Amino acid sequence: MLNKQLITVFVLVQLLIFPNIMGNKPVEPDKEGIVKGKVFDGKSKQPVEYATVAIYSSIDNSVITGTISDQNGEFKIKGLKPGSFYIVVSFMGYEDNRFDDIIIDRGRTLVDLGEIKLGAGRTALDEVEVVAERQSVEFKIDKKVVSVGKQMTSASLSAIEVLENVPSVRVDIEGNVSLRGSTGFTVLIDGKPTVLEPSDALRQTPASTIENIEIITNPSAKYQPDGTAGIINIITKKNRTQGVQGLVNLKGGSFGSYGGDFLLNWRKKRTNFYIGGDYNNRPFPGESYSERRTTADGITTIIKADGDNERSYNGGGLRTGFDWDITQRDFFSVGLRYGNYQMKSNSELNYLTTTMPEDDLVEELSLNDSERGGDYVSITGNYQHKFAQKGHELNAQVNYRYRDGDEFSKNVLQDAAGIINDGSKTTEKGPSGRWELRLDYTKPVGESDKFEAGFQGRSSESEDVTELYWYESDQQDLILQSDKSNNTKYNRNIYALYTTYNGNLGNFGYQAGLRGEYTFREITSVKENDRYTIDRFDYFPTLHLSYKLPKDHQVMASYSRRIDRPRGYYLEPFITWEDMYNVRQGNPDLKPEYIDALELAYLKQWEKSQLSLEAYYRVTHNKVERIKSVYEEGILLSTVANVGTDYALGLEAMYNVPLFKWWEVNLMGNIYDYRIEGVKNDESFERSSFNWSSRVNNTFRLNKRSQLQFNGNYDSPSITSQGESKGYYTLNAAFRMDFMDRKLSATLQARDLFGTARHESITEEPDFYNYQKRIRSAPVISFTLSYRINNFIQKRRNGNRGNDSGGMEEEF
């Protein structure tokens with residue numbers, strides 16, 4: 001009862017606030033005073049990022065406002081009232097640069113300081129206390145950039161938890177991520193593909209190592225077109241300031257979770273070296289309940305199971321790299337990532353099996369263990385040459401990725417006396433490797449246009465060996481079933497050419513692109529000596545448009561065609577036993593999904609707030625879904641099929657506003673109508689649902705050194721071709737305090753305060769019914785300590801050299 005009352009009060013507060021938010025009147029642009037400029041290193045002529053720009057009153061020397069320079073050294077301060085000021089531009093290790101007699105009045109509303117050159121200082125400079133918050137989400141013509149530093153409630157966890165508060169993304173209790181309702185998306189780490197599955201890669205990336213997350217729902221032709229819904233690009237922290245700097249995080253929490261990570265960076269003149277590492281152990285205990293009813297040959301079997309379970313994710317990795325500015329126009333870098341990951345699940349479930357019409361009843365204890373993991377490595381080399389013309393450049397990138405993964409699942413049934421009645425074990429082993437080559441050329445045309453073209457090649461090989469063991473009572477052991485074991489080899493090559501052209505005509509901006517891809521794929525079943533090949537050419541056009549309206553209004557539109565290739569195990573033609581009650585079979589004739597996506601966005605900027613509205617329409621052809629059916633008495637078969645076409649028509653909205661200097665509110669919502677139609681089990685079908693989700697984030701700045709944050713999430717029910725998943729809500733909180741002149745910070749988090757997060761789903765057909773529910777133990781408490789060595793300042797980037805790549809784990 002108390003939980004419901006608290007939730008009711010929370011919702012009412014937000015509803016009372018919202019009308020006041022929408023009532024805020026924007027500052028009239030023609031009454032604002034604006035100061036802008038660009039900060040350079042006086043010796044190297046390179047832009048200085050994070051330089052402090054402070055504006056003081058000439059009357060009483062008080063700080064009026066301020067900001068920091070961006071990655072290009074540029075800054076712009078708006079909203080200055082008429083008056084007399086002086087400006088101080090500073091950065092640690094440089095001498096201050098002061099500008100006096102700055103006057104803002106009706107006759108002069110724009111002050112351009114031009115190029116500001118900073119000279120090296122002899123002593124350390126005192127820092128000016130300037131609070132310059134970035135927007136939590138920045139919008140660009142082809143992507144949304146989410147500032148992770150503002151997500152305190154996920155600071156000690158992984159990228160999965162960060163995404164819970166990101167527009168367009170939904171994360172369920174199991175950590176499964178969907179982008180605008182689709183689980184088909186690409187994950188990049190620093191613009192480079194990952195050898196891991198998308199969700200695995202996100203789980204293995206600590207939130208404390210992330211700088212930004214880019215959500216690219218309609219990528220341009222420069223990006224690889226894989227994934228139904230687009231790309232999630234994780235930008236990790238990296239520093240390129242002179243000297244030695246670093247960042248260390250230590251974390252611990254409830255249910256035995258612990259971890260840590262570090263990043264050290266050393267830069268001297270034209271060389272830069274960095275090394276980082278992380279390790280995390282994150283258990284998620286909980287309870288589960290399931291009910292299954294199958295009918296085969298006139299016999300109905302009902303299996304009910306309930307008990308405790310625990311899923312855990314642990315692993316770590318190292319990353320290191322070297323950057324060399326060979327000349328002022330030539331740059332080389334190499335990066336290496338190595339890691340090990342383990343995902344485990346164990347449960348003790350009470351099974352009650354009823355067989356009808358005999359009405360037999362059997363009670364058993366099911367002991368279940370599964371594990372998936374292994375080593376992975378990725379090495380990338382980049383070369384960039386800049387021509388004399390600004391923006392004219394050539395980039396080359398070579399990347400190799402390798403993964404050696406093992407997987408097993410074991411379940412045993414015991415009677416009341418502890419005697420084993422039945423059991424099974426499945427294993428899957430096999431390495432995979434992948435090469436990738438990129439060549440990207442960029443040439444400015446005129447004053448504002450740009451031409452891009454490039455080549456991308458991918459070559460991958462992998463092998464999967466699956467084995468099945470059944471319990472044999474006469475030997476009292478699990479025995480290998482050779483006739484049900486398989487060996488599959490995969491080979492795939494993709495070669496692509498792309499070109500894009502973008503420019504501006506006044507307030508109108510445009511980008512058009514075309515990409516062509518040739519794919520050759522071969523799958524070999526060693527046991528059956530069967531081969532399945534694809535020899536195909538595809539094309540992918542893209543178009544992005546923008547128009548800047550008066551008074552900081554902007555409209556954007558885009559179109560892209562994409563492809564979602566099926567995963568390797570989706571294509572295996574044989575039966576694979578997952579456990580005693582579930583088997584799967586792939587479909588070698590499975591076609592890839594082709595996606596047509598349209599978007600229309602409206603943006604409005606006020607002095608301190610931001611509103612965005614994004615309408616989208618997505619059509620998925622050859623829709624791939626998992627189809628369940630009865631295999632044997634009490635056993636379900638899971639297959640994959642092209643069931644037809646699905647349609648998603650929706651609207652996303654986000655409003656960010658500081659109600660007061662100490663209180664900022666961020667509201668996000670997504671509503672969409674989903675419809676799927678086609679043929680399954682030789683019968684036509686059509687299903688639809690209205691889906692919506694909301695996010696409310698409140699940040700309270702208690703003083704200059706401490707913040708408090710609350711956020712609430714709700715996800716509505718959704719459907720599939722055979723069932724539905726239930727909706728749920730969560731509430732999280734976090735408190736952060738900085739010490740030692742912000743070198744040390746401490747964050748205390750509590751997630752799922754009321755224990756309302758759960759995964760609940762139903763799948764059914766006339767001959768079976770399957771219900772599953774899992775409730776995670778809550779609340780989840782965690783504590784993080786972060787220490788910055790030599791005032792570590794992370795590098796903001798629009799993209800690494802050669803970073804605009806795409807791709808994901810092995811898909812065919």
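As the structure is a computational prediction, the values presented were derived from the model and not from experiment. (Residues numbered from 1 in each chain as written. Predicted model: local features only at pLDDT ≥ 70, side-chain atom pairs only at ≥ 80, totals over all residues. Heavy atoms only, no water.)

Colleague: Looking at this structure, I do not really get the overall build of the protein chain. What am I missing?
Modeller: Assigned secondary structure in the protein chain consists of three helices and 44 strands. Every one of the 812 residues in the protein chain was classed for burial, and the buried ones make up 54%. Long-range pairs, those at least 24 residues apart, make up 67% of the contacts in the protein chain with a sequence separation of at least 6. Counting only carbon and sulfur atoms, one obtains 54% of the accessible surface of the protein chain, whose full area is about 36200 Å². (Helix = DSSP H or I, 4+ residues; strand = E, 2+ residues; numbered from the N terminus. Buried < 20%, exposed > 50% of the residue type's maximum accessible area, 1.4 Å probe, protein only. Contact = heavy atoms within 4.5 Å. Areas by Shrake-Rupley, 256 points an atom, 1.4 Å probe, with all protein chains shown as cover.)

Colleague: How do you make sense of the pairing of strand S1 (residues 33–41) when you look at a structure like this?
Modeller: Two faces belong to every sheet, and in a regular strand the side chains alternate between them. The buried fraction of S1 is high, at eight of nine residues. Sheet topology places S1 next to strand S4 (residues 74–80); five bridges connect them, and they run antiparallel. Residue pairing for S4: glycine 33 is matched across the bridge by leucine 80. Inspection of the sheet shows S1 paired to strand S7 (residues 110–118) by seven bridges, in the parallel sense. In the strand pairing of S7, lysine 38 is matched with glutamate 115. (Pairing = 2+ DSSP bridges.)

Colleague: Teacher, can you tell me more about the pattern of salt bridges here?
Modeller: A side chain with one charge can pair with a side chain of the opposite charge if their charged atoms come near. Inspection of the entire model under this criterion finds 22 salt bridges. The residue aspartate 261 makes a salt bridge to lysine 251 at a minimum N-O spacing of 3.2 Å. Within this pair, whereas aspartate 261 is found in strand S17 (residues 258–268), its partner lysine 251 is found in strand S16 (residues 243–253), the two being separated by 10 residues in sequence. Both residues of the pair, aspartate 261 and lysine 251, count as buried. A salt bridge links glutamate 677 to arginine 675; the nearest nitrogen and oxygen atoms lie 3.0 Å apart. Shared partners join several salt bridges into a network, and the residues in it are Asp226, Arg458, Arg515, Glu517 and Arg565. (Salt bridge = Lys/Arg side-chain N within 4 Å of Asp/Glu carboxyl O.)

Colleague: Sorry, what's going on with unusual backbone geometry here?
Modeller: A negative phi angle is the norm for most residues apart from glycine, just as the trans form is the norm for most peptide bonds. Following methionine 356, the chain continues to proline 357 via a peptide bond in cis, the omega torsion being 15°. Relative to the elements of secondary structure, proline 357 occurs in the loop between strand S20 (330–356) and strand S21 (360–386). Of the consecutive residues alanine 778 and proline 779, the connecting peptide bond is found in the cis state with omega at 0°. Among the structural elements, proline 779 can be located in the loop between strand S43 (768–776) and strand S44 (780–789). Even without being glycine, aspartate 297 reaches a positive phi, approximately 55°. With respect to the helices, strands and loops of the structure, aspartate 297 is situated in the loop between strand S18 (271–296) and strand S19 (299–325). The exposure class of aspartate 297 is exposed, given its relative accessible area of 81%. The phi angle at asparagine 622 is positive, at roughly 55°, despite the residue not being glycine.

Colleague: What is the right way to read the sheet that holds S4 from this model?
Modeller: Consider a sheet: its strands pair through backbone hydrogen bonds, and that pairing is either parallel or antiparallel. Pairing is mixed across the open sheet formed by three strands, whose spatial order is S4-S1-S7. The strands lining the two open edges of the sheet, one partner per strand, are S4 and S7. Mean inter-strand twist for the sheet, computed between neighbouring axes without regard to direction, equals 15°. (Axes fitted to C-alpha atoms, helices over the stretch in contact; angles between N-to-C directions.)

Colleague: Please clarify how the packing of aromatic side chains should be interpreted in this entry.
Modeller: Working definition: an aromatic ring pair is given by the centre-to-centre distance plus the angle between the planes. Under the counting rule described, the total for this entry stands at 18 aromatic pairs. With a centroid separation of 4.7 Å and 45° between ring planes, the pair formed by tyrosine 400 and tryptophan 435 is classed as tilted. Of this pair, tyrosine 400 sits in strand S22 (residues 393–414) while tryptophan 435 sits in strand S23 (residues 420–445), and the two are 35 residues apart along the sequence. Cation over ring: lysine 425 sits above tyrosine 469, and NZ or CZ is 4.6 Å from the ring centre. Sitting above the plane of the phenylalanine 685 ring, lysine 680 keeps its charged end 5.4 Å from the centroid. (Phe/Tyr/Trp six-rings, centres within 6.5 Å; stacked < 30°, edge-to-face > 60°. Lys NZ or Arg CZ within 6 Å of the ring centre and 35° of its normal.)

Colleague: What am I meant to see in the sheet that holds strand S2 (residues 52–57) here?
Modeller: The antiparallel open sheet is built from four strands, whose spatial order is S3-S2-S5-S6. Every other strand in the sheet has two partners, leaving strand S3 (63–68) and strand S6 (97–104) as the edge strands with one partner each. Adjacent strand axes in the sheet meet at a mean angle of 20° when their direction is disregarded. Where strand S5 (residues 83–90) lies against S6, six bridges are found, and the strand directions are antiparallel.

Colleague: What is the right way to look at the environment of leucine 250 in this model?
Modeller: Assignment of secondary structure puts leucine 250 in strand S16. The exposure class assigned to leucine 250 is exposed, which follows from its relative accessible area of 53%. Separated by 496 residues in sequence, leucine 250 and alanine 746 have C-alpha atoms that sit 9.7 Å apart. Setting aside residues no more than four positions away along its own chain, leucine 250 makes contact with Gly259, Gly260, Phe783, Thr784 and Leu785.

Colleague: Help me understand the confidence of the model for the protein chain, please; the structure alone is not making it clear to me.
Modeller: Should the pLDDT be low somewhere, the predicted coordinates at that spot are not to be read in detail. Here the protein chain averages 82 in pLDDT, while 85% of its residues score no lower than 70. Contacts of residues 1–30 to residues separated by more than four positions or lying in other chains number 30 contacts, the stretch itself having pLDDT below 50. Across residues 121–134 the pLDDT falls below 50, and counting only partners more than four positions away or on other chains, this stretch makes 30 contacts in the model. (pLDDT = per-residue confidence, 0-100.)

Colleague: I tried to follow the pairing of strand S37 (residues 706–715) on my own but got confused; where do I start?
Modeller: Burial of S37 is extensive: seven of the 10 residues sit out of reach of the surface. By the bridge criterion, 10 bridges tie strand S36 (residues 683–703) to S37 in an arrangement that is antiparallel. Looking across to S37, one finds that asparagine 703 is bridged to serine 706. Count of turn residues in the S36/S37 antiparallel hairpin: two residues. Of the pairings in the sheet, the one linking S37 to strand S40 (residues 728–739) comprises 10 bridges and is antiparallel in character. The partner of glutamine 709 across the bridge, within S40, is alanine 734.

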